[in-house]
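# Structural characterization, general
What follows is each chain in one-letter form.
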Amino acid sequence: MPGRKKRIGILTGGGDCPGLNAAIRAVTKTAILNYDMEVFGIKDGYIGLIEDKYLSLSYQDVSGILTEGGTFIGASNKANPFKYTTANNRLKDVSGEVLRNAKRMGLDGLVCIGGDGTLSIAYKLYKKGLNLVGIPKTIDNDLKATDITIGFDSSVVTVTEAIDKLHTTAQSHHRVMVIEVMGRYAGWLALYSGVAGGGDIIIIPEIPYDIKKVCKRVIERDKTGKRFSIVVISEGARPKGGKIVIKRIVKDPSEPVRLGGIGNKIADDIENLTGLETRVTVLGHLQRGGAPSPFDRVLATRFGTFACDLVVKRRFGKMVALKGRDIKAVDLKDAVKAIRKVDPKDPVIKSALAVGTSFGI
Ligand code: F6P
(Lines give C-alpha, C1' and ligand atoms only; values in the text may rest on other atoms or scores of the structure.)
Protein backbone atom coordinates (compact mmCIF):
# COMPACT_ATOMS: atom_id res chain seq x y z
CA MET A 1 0.00 0.00 0.00
CA PRO A 2 1.70 3.23 -1.09
CA GLY A 3 2.08 5.91 1.56
CA ARG A 4 1.23 3.76 4.56
CA LYS A 5 3.69 3.16 7.37
CA LYS A 6 5.52 -0.17 7.49
CA ARG A 7 4.08 -2.64 9.99
CA ILE A 8 5.86 -5.01 12.34
CA GLY A 9 4.22 -7.70 14.49
CA ILE A 10 5.52 -9.28 17.69
CA LEU A 11 4.49 -12.52 19.36
CA THR A 12 5.69 -14.40 22.41
CA GLY A 13 5.25 -18.19 22.22
CA GLY A 14 5.91 -21.14 24.53
CA GLY A 15 6.46 -20.89 28.27
CA ASP A 16 6.96 -17.38 29.57
CA CYS A 17 10.12 -16.14 31.30
CA PRO A 18 11.53 -12.89 32.68
CA GLY A 19 12.73 -10.54 29.93
CA LEU A 20 9.89 -10.99 27.41
CA ASN A 21 8.38 -7.58 28.15
CA ALA A 22 11.84 -6.04 27.85
CA ALA A 23 12.19 -7.59 24.38
CA ILE A 24 8.70 -6.44 23.29
CA ARG A 25 9.59 -2.94 24.49
CA ALA A 26 12.88 -2.99 22.59
CA VAL A 27 11.30 -4.06 19.29
CA THR A 28 8.45 -1.57 19.66
CA LYS A 29 10.56 1.44 20.64
CA THR A 30 13.16 0.73 17.95
CA ALA A 31 10.42 0.40 15.32
CA ILE A 32 8.66 3.62 16.36
CA LEU A 33 11.65 5.82 17.18
CA ASN A 34 14.05 4.76 14.44
CA TYR A 35 11.84 3.62 11.58
CA ASP A 36 8.46 5.32 12.13
CA MET A 37 6.72 1.97 11.87
CA GLU A 38 3.40 0.73 13.21
CA VAL A 39 3.64 -2.08 15.74
CA PHE A 40 1.18 -4.87 16.50
CA GLY A 41 1.30 -7.22 19.48
CA ILE A 42 -0.15 -10.62 18.57
CA LYS A 43 -2.15 -12.00 21.49
CA ASP A 44 -1.20 -15.32 23.14
CA GLY A 45 1.47 -16.48 20.72
CA TYR A 46 0.34 -18.29 17.57
CA ILE A 47 -3.28 -18.34 18.84
CA GLY A 48 -3.47 -14.65 17.97
CA LEU A 49 -2.31 -15.31 14.42
CA ILE A 50 -4.70 -18.23 14.00
CA GLU A 51 -7.70 -16.45 15.52
CA ASP A 52 -6.79 -12.99 14.26
CA LYS A 53 -6.35 -11.42 17.72
CA TYR A 54 -3.90 -8.56 18.06
CA LEU A 55 -3.50 -5.09 19.46
CA SER A 56 -1.80 -1.98 18.22
CA LEU A 57 1.23 -1.03 20.36
CA SER A 58 2.22 2.58 20.97
CA TYR A 59 5.36 3.97 22.60
CA GLN A 60 3.26 4.61 25.72
CA ASP A 61 2.03 1.00 25.83
CA VAL A 62 5.55 -0.32 26.27
CA SER A 63 6.81 2.42 28.53
CA GLY A 64 7.53 1.13 32.05
CA ILE A 65 7.49 -2.60 31.23
CA LEU A 66 11.27 -3.15 31.08
CA THR A 67 11.39 -4.48 34.63
CA GLU A 68 8.20 -6.56 34.56
CA GLY A 69 8.17 -10.37 34.39
CA GLY A 70 5.92 -12.34 32.02
CA THR A 71 4.58 -11.04 28.72
CA PHE A 72 1.80 -8.48 28.61
CA ILE A 73 0.64 -9.66 25.16
CA GLY A 74 0.20 -13.23 26.47
CA ALA A 75 1.82 -16.52 25.48
CA SER A 76 0.75 -20.05 24.73
CA ASN A 77 2.65 -23.29 24.36
CA LYS A 78 -0.32 -25.09 22.91
CA ALA A 79 -1.13 -23.41 19.62
CA ASN A 80 0.87 -25.04 16.85
CA PRO A 81 -0.68 -23.83 13.55
CA PHE A 82 0.47 -27.04 11.85
CA LYS A 83 -1.32 -29.19 14.47
CA TYR A 84 -4.09 -27.03 15.82
CA THR A 85 -6.72 -28.61 18.07
CA THR A 86 -10.11 -27.51 16.74
CA ALA A 87 -13.34 -27.10 18.75
CA ASN A 88 -14.32 -30.70 17.93
CA ASN A 89 -10.92 -31.96 19.19
CA ARG A 90 -9.45 -32.67 15.75
CA LEU A 91 -5.90 -31.78 14.75
CA LYS A 92 -5.86 -29.48 11.75
CA ASP A 93 -3.19 -27.65 9.75
CA VAL A 94 -4.25 -23.98 9.92
CA SER A 95 -0.93 -22.51 8.78
CA GLY A 96 -2.62 -21.14 5.64
CA GLU A 97 -4.96 -19.15 7.89
CA VAL A 98 -1.95 -17.74 9.73
CA LEU A 99 -0.42 -16.50 6.49
CA ARG A 100 -3.74 -14.97 5.38
CA ASN A 101 -4.23 -13.22 8.73
CA ALA A 102 -0.69 -11.81 8.67
CA LYS A 103 -1.40 -10.48 5.18
CA ARG A 104 -4.72 -9.00 6.25
CA MET A 105 -2.94 -7.21 9.11
CA GLY A 106 -0.55 -5.82 6.52
CA LEU A 107 2.51 -7.10 8.37
CA ASP A 108 5.81 -6.34 6.63
CA GLY A 109 7.60 -8.52 9.13
CA LEU A 110 7.00 -10.53 12.28
CA VAL A 111 9.24 -11.02 15.32
CA CYS A 112 8.68 -14.39 17.02
CA ILE A 113 10.07 -14.54 20.53
CA GLY A 114 10.30 -18.14 21.66
CA GLY A 115 12.14 -21.30 22.55
CA ASP A 116 12.76 -24.32 20.36
CA GLY A 117 9.04 -25.14 19.94
CA THR A 118 7.98 -21.63 18.90
CA LEU A 119 11.01 -21.10 16.69
CA SER A 120 10.65 -24.50 14.98
CA ILE A 121 7.11 -23.45 14.05
CA ALA A 122 8.44 -20.03 13.00
CA TYR A 123 10.91 -21.73 10.67
CA LYS A 124 8.13 -23.77 9.06
CA LEU A 125 5.97 -20.66 8.65
CA TYR A 126 8.95 -18.83 7.13
CA LYS A 127 9.40 -21.62 4.61
CA LYS A 128 5.69 -21.25 3.76
CA GLY A 129 6.28 -17.58 2.97
CA LEU A 130 5.80 -15.63 6.23
CA ASN A 131 8.42 -12.90 6.62
CA LEU A 132 9.77 -13.30 10.13
CA VAL A 133 12.79 -13.30 12.43
CA GLY A 134 13.30 -15.02 15.79
CA ILE A 135 14.46 -13.98 19.24
CA PRO A 136 15.59 -16.83 21.52
CA LYS A 137 14.09 -17.06 25.01
CA THR A 138 13.83 -19.89 27.51
CA ILE A 139 14.92 -20.49 31.07
CA ASP A 140 16.23 -23.85 29.80
CA ASN A 141 18.96 -22.14 27.71
CA ASP A 142 18.79 -25.11 25.36
CA LEU A 143 18.71 -23.36 21.98
CA LYS A 144 21.41 -24.02 19.44
CA ALA A 145 23.24 -21.15 17.79
CA THR A 146 23.14 -18.70 20.70
CA ASP A 147 25.34 -18.67 23.80
CA ILE A 148 22.49 -17.51 26.03
CA THR A 149 18.71 -17.14 25.75
CA ILE A 150 16.55 -14.46 27.37
CA GLY A 151 15.25 -15.63 30.77
CA PHE A 152 18.07 -17.99 31.66
CA ASP A 153 20.05 -15.57 33.79
CA SER A 154 16.99 -14.40 35.75
CA SER A 155 16.04 -17.97 36.46
CA VAL A 156 19.58 -18.76 37.62
CA VAL A 157 19.23 -15.84 40.07
CA THR A 158 15.90 -17.20 41.41
CA VAL A 159 17.20 -20.74 41.84
CA THR A 160 20.45 -19.54 43.43
CA GLU A 161 18.51 -17.49 45.98
CA ALA A 162 16.44 -20.57 46.79
CA ILE A 163 19.58 -22.68 47.27
CA ASP A 164 21.03 -20.00 49.56
CA LYS A 165 17.90 -20.17 51.69
CA LEU A 166 17.88 -23.95 51.77
CA HIS A 167 21.52 -23.89 52.88
CA THR A 168 20.75 -22.24 56.20
CA THR A 169 17.88 -24.56 57.12
CA ALA A 170 19.87 -27.62 55.95
CA GLN A 171 22.71 -26.55 58.22
CA SER A 172 20.44 -25.94 61.23
CA HIS A 173 18.74 -29.34 61.02
CA HIS A 174 21.66 -31.41 59.68
CA ARG A 175 19.60 -32.53 56.72
CA VAL A 176 20.10 -33.43 53.11
CA MET A 177 18.19 -30.93 50.97
CA VAL A 178 17.26 -31.92 47.43
CA ILE A 179 16.15 -29.15 45.09
CA GLU A 180 14.50 -30.10 41.80
CA VAL A 181 15.11 -27.56 39.06
CA MET A 182 13.45 -27.08 35.65
CA GLY A 183 15.34 -27.20 32.34
CA ARG A 184 13.68 -30.08 30.50
CA TYR A 185 16.30 -32.31 28.86
CA ALA A 186 19.23 -29.91 29.37
CA GLY A 187 21.09 -29.27 32.60
CA TRP A 188 22.09 -25.61 32.17
CA LEU A 189 19.83 -24.24 34.89
CA ALA A 190 20.83 -26.85 37.48
CA LEU A 191 24.50 -26.51 36.54
CA TYR A 192 24.73 -22.71 36.77
CA SER A 193 22.51 -22.30 39.83
CA GLY A 194 24.13 -25.30 41.47
CA VAL A 195 27.59 -23.83 41.03
CA ALA A 196 26.41 -20.33 42.03
CA GLY A 197 24.66 -21.67 45.13
CA GLY A 198 27.53 -23.95 46.15
CA GLY A 199 25.52 -27.17 45.67
CA ASP A 200 27.46 -30.17 46.98
CA ILE A 201 26.06 -32.54 44.38
CA ILE A 202 24.74 -31.36 41.00
CA ILE A 203 22.85 -33.82 38.84
CA ILE A 204 22.04 -33.04 35.22
CA PRO A 205 20.42 -35.05 32.40
CA GLU A 206 23.67 -35.19 30.44
CA ILE A 207 25.46 -37.11 33.24
CA PRO A 208 23.32 -40.02 34.53
CA TYR A 209 24.02 -40.45 38.24
CA ASP A 210 25.12 -43.39 40.32
CA ILE A 211 23.05 -43.36 43.54
CA LYS A 212 25.87 -45.12 45.44
CA LYS A 213 28.28 -42.30 44.54
CA VAL A 214 25.72 -39.69 45.59
CA CYS A 215 25.24 -41.38 48.96
CA LYS A 216 28.99 -41.85 49.40
CA ARG A 217 29.49 -38.08 49.07
CA VAL A 218 26.68 -37.30 51.50
CA ILE A 219 28.12 -39.70 54.11
CA GLU A 220 31.69 -38.43 53.60
CA ARG A 221 30.49 -34.89 54.29
CA ASP A 222 28.57 -36.02 57.37
CA LYS A 223 31.64 -37.81 58.76
CA THR A 224 33.92 -34.85 58.23
CA GLY A 225 31.66 -32.54 60.21
CA LYS A 226 29.58 -31.10 57.36
CA ARG A 227 26.36 -32.55 58.65
CA PHE A 228 24.22 -31.34 55.75
CA SER A 229 24.29 -31.61 51.96
CA ILE A 230 22.65 -29.73 49.12
CA VAL A 231 21.70 -31.79 46.05
CA VAL A 232 20.63 -29.79 42.98
CA ILE A 233 18.93 -32.00 40.42
CA SER A 234 17.47 -31.26 36.96
CA GLU A 235 13.92 -32.40 36.30
CA GLY A 236 15.24 -34.30 33.26
CA ALA A 237 17.94 -36.23 35.17
CA ARG A 238 17.99 -40.00 35.49
CA PRO A 239 20.00 -42.67 37.28
CA LYS A 240 22.54 -44.73 35.35
CA GLY A 241 20.62 -47.44 33.52
CA GLY A 242 17.33 -45.87 34.70
CA LYS A 243 14.66 -43.70 33.16
CA ILE A 244 13.59 -40.08 33.25
CA VAL A 245 10.71 -39.51 35.70
CA ILE A 246 7.55 -38.31 33.96
CA LYS A 247 4.83 -36.66 36.03
CA ARG A 248 2.11 -36.86 33.40
CA ILE A 249 1.53 -37.41 29.71
CA VAL A 250 -1.04 -34.90 28.53
CA LYS A 251 -3.12 -34.58 25.38
CA ASP A 252 -0.99 -31.87 23.84
CA PRO A 253 0.42 -32.31 20.33
CA SER A 254 3.27 -29.84 20.99
CA GLU A 255 4.49 -30.89 24.45
CA PRO A 256 2.80 -34.05 25.76
CA VAL A 257 5.50 -34.94 28.34
CA ARG A 258 5.43 -33.18 31.73
CA LEU A 259 8.61 -33.90 33.65
CA GLY A 260 8.77 -33.98 37.43
CA GLY A 261 9.37 -36.34 40.32
CA ILE A 262 13.08 -37.15 40.11
CA GLY A 263 13.70 -34.97 43.20
CA ASN A 264 11.39 -37.14 45.32
CA LYS A 265 12.91 -40.30 43.91
CA ILE A 266 16.49 -39.39 44.71
CA ALA A 267 15.52 -38.04 48.15
CA ASP A 268 13.82 -41.34 49.06
CA ASP A 269 16.83 -43.28 47.84
CA ILE A 270 19.28 -41.08 49.79
CA GLU A 271 17.24 -41.36 53.00
CA ASN A 272 16.83 -45.14 52.66
CA LEU A 273 20.48 -45.80 51.82
CA THR A 274 22.17 -43.37 54.24
CA GLY A 275 19.67 -43.09 57.07
CA LEU A 276 20.08 -39.31 56.92
CA GLU A 277 17.00 -37.13 57.08
CA THR A 278 16.24 -35.75 53.61
CA ARG A 279 13.78 -33.14 52.34
CA VAL A 280 12.76 -32.10 48.83
CA THR A 281 11.92 -28.71 47.35
CA VAL A 282 10.44 -28.56 43.87
CA LEU A 283 10.75 -24.96 42.74
CA GLY A 284 8.34 -25.28 39.80
CA HIS A 285 7.06 -22.20 38.03
CA LEU A 286 8.64 -19.81 40.52
CA GLN A 287 11.66 -20.25 38.24
CA ARG A 288 9.80 -18.53 35.40
CA GLY A 289 8.50 -15.60 37.42
CA GLY A 290 9.68 -12.26 38.74
CA ALA A 291 11.54 -9.31 37.34
CA PRO A 292 14.26 -9.92 34.75
CA SER A 293 17.84 -9.67 35.97
CA PRO A 294 19.92 -6.71 34.75
CA PHE A 295 21.72 -9.10 32.38
CA ASP A 296 18.41 -10.22 30.83
CA ARG A 297 17.21 -6.62 30.50
CA VAL A 298 20.34 -5.75 28.55
CA LEU A 299 20.20 -8.94 26.45
CA ALA A 300 16.49 -8.45 25.65
CA THR A 301 17.10 -4.83 24.69
CA ARG A 302 19.97 -5.78 22.39
CA PHE A 303 18.08 -8.73 20.86
CA GLY A 304 14.91 -6.66 20.32
CA THR A 305 16.74 -3.78 18.67
CA PHE A 306 18.72 -6.10 16.42
CA ALA A 307 15.60 -8.10 15.46
CA CYS A 308 13.81 -4.93 14.41
CA ASP A 309 16.83 -3.94 12.29
CA LEU A 310 16.71 -7.37 10.60
CA VAL A 311 13.03 -6.89 9.71
CA VAL A 312 13.76 -3.46 8.24
CA LYS A 313 16.62 -4.91 6.18
CA ARG A 314 14.27 -7.76 5.17
CA ARG A 315 16.75 -10.36 6.40
CA PHE A 316 14.06 -12.92 7.17
CA GLY A 317 14.49 -16.52 8.30
CA LYS A 318 17.11 -15.42 10.83
CA MET A 319 17.37 -15.59 14.61
CA VAL A 320 19.28 -13.07 16.69
CA ALA A 321 21.99 -14.70 18.78
CA LEU A 322 24.58 -13.83 21.38
CA LYS A 323 28.05 -14.95 20.30
CA GLY A 324 30.60 -13.97 22.89
CA ARG A 325 29.81 -10.27 23.46
CA ASP A 326 28.32 -9.72 20.00
CA ILE A 327 24.79 -9.99 18.67
CA LYS A 328 24.67 -11.81 15.34
CA ALA A 329 22.05 -13.03 12.90
CA VAL A 330 22.06 -16.81 12.49
CA ASP A 331 19.87 -19.01 10.30
CA LEU A 332 16.70 -20.11 12.08
CA LYS A 333 17.27 -23.48 10.45
CA ASP A 334 20.48 -23.97 12.46
CA ALA A 335 18.91 -22.76 15.69
CA VAL A 336 16.11 -25.32 15.68
CA LYS A 337 17.99 -28.38 14.40
CA ALA A 338 18.31 -29.94 17.85
CA ILE A 339 18.42 -28.74 21.44
CA ARG A 340 21.72 -27.66 22.98
CA LYS A 341 22.78 -29.83 25.87
CA VAL A 342 25.56 -29.43 28.39
CA ASP A 343 28.81 -31.02 27.26
CA PRO A 344 30.14 -33.09 30.19
CA LYS A 345 33.51 -31.46 29.37
CA ASP A 346 32.03 -27.95 29.75
CA PRO A 347 34.49 -25.60 31.50
CA VAL A 348 31.90 -24.83 34.20
CA ILE A 349 31.79 -28.54 35.07
CA LYS A 350 35.58 -28.63 35.09
CA SER A 351 35.74 -25.78 37.59
CA ALA A 352 32.98 -27.27 39.73
CA LEU A 353 34.88 -30.57 39.89
CA ALA A 354 38.05 -28.68 40.80
CA VAL A 355 36.32 -27.23 43.88
CA GLY A 356 35.06 -30.63 44.95
CA THR A 357 31.50 -30.59 43.60
CA SER A 358 30.15 -34.04 42.83
CA PHE A 359 28.15 -34.84 39.71
CA GLY A 360 27.02 -38.15 41.13
CA ILE A 361 29.45 -40.32 39.18
O1 F6P B 1 10.69 -24.76 28.77
C2 F6P B 1 10.49 -24.04 29.93
C3 F6P B 1 9.88 -24.89 31.01
O4 F6P B 1 9.72 -24.11 32.17
C5 F6P B 1 10.66 -26.17 31.33
O6 F6P B 1 11.80 -25.93 32.09
C7 F6P B 1 9.59 -27.01 31.99
O8 F6P B 1 9.85 -28.39 31.86
C9 F6P B 1 8.37 -26.63 31.22
O10 F6P B 1 8.61 -25.36 30.63
C11 F6P B 1 7.12 -26.55 32.04
O12 F6P B 1 6.05 -26.31 31.18
P13 F6P B 1 4.58 -25.92 31.65
O14 F6P B 1 4.59 -24.44 31.96
O15 F6P B 1 3.75 -26.24 30.47
O16 F6P B 1 4.27 -26.72 32.87
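Figured I'd write up the structure that's included with this text.

The rules we used
- Residues numbered from 1 in each chain as written.
- Predicted model: local features only at pLDDT ≥ 70, side-chain atom pairs only at ≥ 80, totals over all residues.
- Heavy atoms only, no water.
- Axes fitted to C-alpha atoms, helices over the stretch in contact; angles between N-to-C directions.
- Helix = DSSP H or I, 4+ residues; strand = E, 2+ residues; numbered from the N terminus.
- Left-handed = near helix turned anticlockwise from the far one by under 90°.
- Contact = heavy atoms within 4.5 Å.
- Nonpolar A, V, L, I, M, F, W, Y, C, P; charged D, E, K, R; others polar.
- Core = buried A, V, L, I, M, F, W, Y, C linked by side-chain atoms within 4.5 Å.
- Buried < 20%, exposed > 50% of the residue type's maximum accessible area, 1.4 Å probe, protein only.
- Domains from an automatic or database assignment.
- Expected span 1.5 Å × (residues − 1).
- Arc of directions from axis to C-beta.
- Near = heavy atom within 4 Å.
- Areas by Shrake-Rupley, 256 points an atom, 1.4 Å probe, with all protein chains shown as cover.
- Pairing = 2+ DSSP bridges.
- Lys, Arg positive; Asp, Glu negative; His and termini not counted.
- Salt bridge = Lys/Arg side-chain N within 4 Å of Asp/Glu carboxyl O.
- Polar contact = N/O pair within 3.5 Å; in protein donor to acceptor, adjacent residues only side chain to side chain.

## A word on the packing of helix α6 (residues 188-196) against helix α11 (residues 347-354)
Running from N to C, α6 and α11 point in directions that differ by 35°, and their axes come no closer than 11 Å. Crossing angle aside, the handedness with which α6 passes α11 is left-handed. Taken together, the residues of α11 that come into contact with α6 (itself represented by Leu191, Tyr192 and Val195) are Val348, Ile349 and Ala352. Looking at the contact of α6 with α11, its residues break down into six nonpolar, no polar and no charged.

## Let's talk about the nonpolar core
With 59 residues, the main nonpolar core has Ile8, Val111 and Ile135 as its most contacted residues. Here this core gathers at least three residues from each of two domains, domain 1 (7-150 + 292-335) and domain 2 (155-288). Among all residues touching Ile135, those that are not within four sequence positions of it are Val27, Val111, Cys112, Ile113, Gly114, Leu119, Ile150, Phe303, Gly304, Ala307, Met319 and Val320. In this structure, Tyr84, Leu107, Leu130 and Leu143 belong to the second largest nonpolar core, which totals 31 residues.

## Quick look at helix α9 (residues 294-312)
With 19 residues, α9 should cover 27 Å at 1.5 Å per step; its first-to-last C-alpha distance of 27 Å lies within 8% of that length. For α9, the set of buried residues is Asp296, Leu299, Ala300, Phe303, Gly304, Ala307, Cys308, Leu310 and Val311. The buried residues of α9 occupy an angular sector of 160° when projected down its axis, which confines them to one face. Looking one or two residues beyond α9, the residue adopting positive phi is Arg314, at roughly 55°.

## Section: the site of the ligand
Near the ligand, the surroundings consist of Asn77, Ile139, Asp140, Met182, Gly183, Arg184, Glu235, His285 and Arg288. A total of 400 Å² of accessible area belongs to the ligand in isolation, and the protein chains cover 75% of it. When residues of the shell around the ligand are assigned to domains, at least three fall in each of domain 1 (7-150 + 292-335) and domain 2 (155-288).

## As for the sheet that holds strand β8 (residues 176-181)
For sheets, the rule is that strands pair by backbone hydrogen bonds, running either parallel or antiparallel. Taken in spatial order, the four strands make up an open sheet running β9-β10-β8-β13, and their pairing is parallel. Here the strands that pair on one side only, and so sit at the sheet edges, are β9 (201-203) and β13 (278-282). Ignoring which end each strand starts from, the neighbouring axes of this sheet average 15° apart. Sheet analysis places β9 next to strand β10 (residues 229-234), joined by three bridges and oriented parallel. Its bridge partner being in β10, Ile202 is matched across the sheet by Val232. In the packing of helix α7 (residues 211-223) onto the sheet, contacts are made with β8, β9 and β10, and the angle to β9 comes to roughly 165°.

## A short note on helix α5 (residues 152-173)
In this model, α5 (22 residues) spans 31 Å end to end at C-alpha, consistent with the 32 Å of a helix rising 1.5 Å per residue. Those residues of α5 that fall on the buried side of the exposure criterion are Phe152, Ser154, Ser155, Val156, Val159, Thr160, Ala162, Ile163, Leu166, His167 and Ala170. In this structure, the buried side of α5 is in contact with β8, α6, β10, β13 and α9. The first or second residue beyond α5 is His174, which carries a positive phi of 55°.

## A look at the side chain of Lys137
Along the polypeptide, Lys137 turns up in the loop between β7 (132-136) and α5. No salt bridge is formed by the buried Lys137; the nearest opposite charge belongs to Asp16, separated by 7.2 Å. Here Gly13 takes part through its backbone oxygen, which lies 3.4 Å from a polar atom of the side chain of Lys137. A polar contact of 2.4 Å, which involves the side chain of Lys137, links it to the backbone oxygen of Gly15. If sequence neighbours within four positions are ignored, Lys137 has contacts with Gly13, Gly14, Gly15, Cys17, Leu20, Ile113, Gly114, Gly115, Leu143, Thr149 and Ile150.

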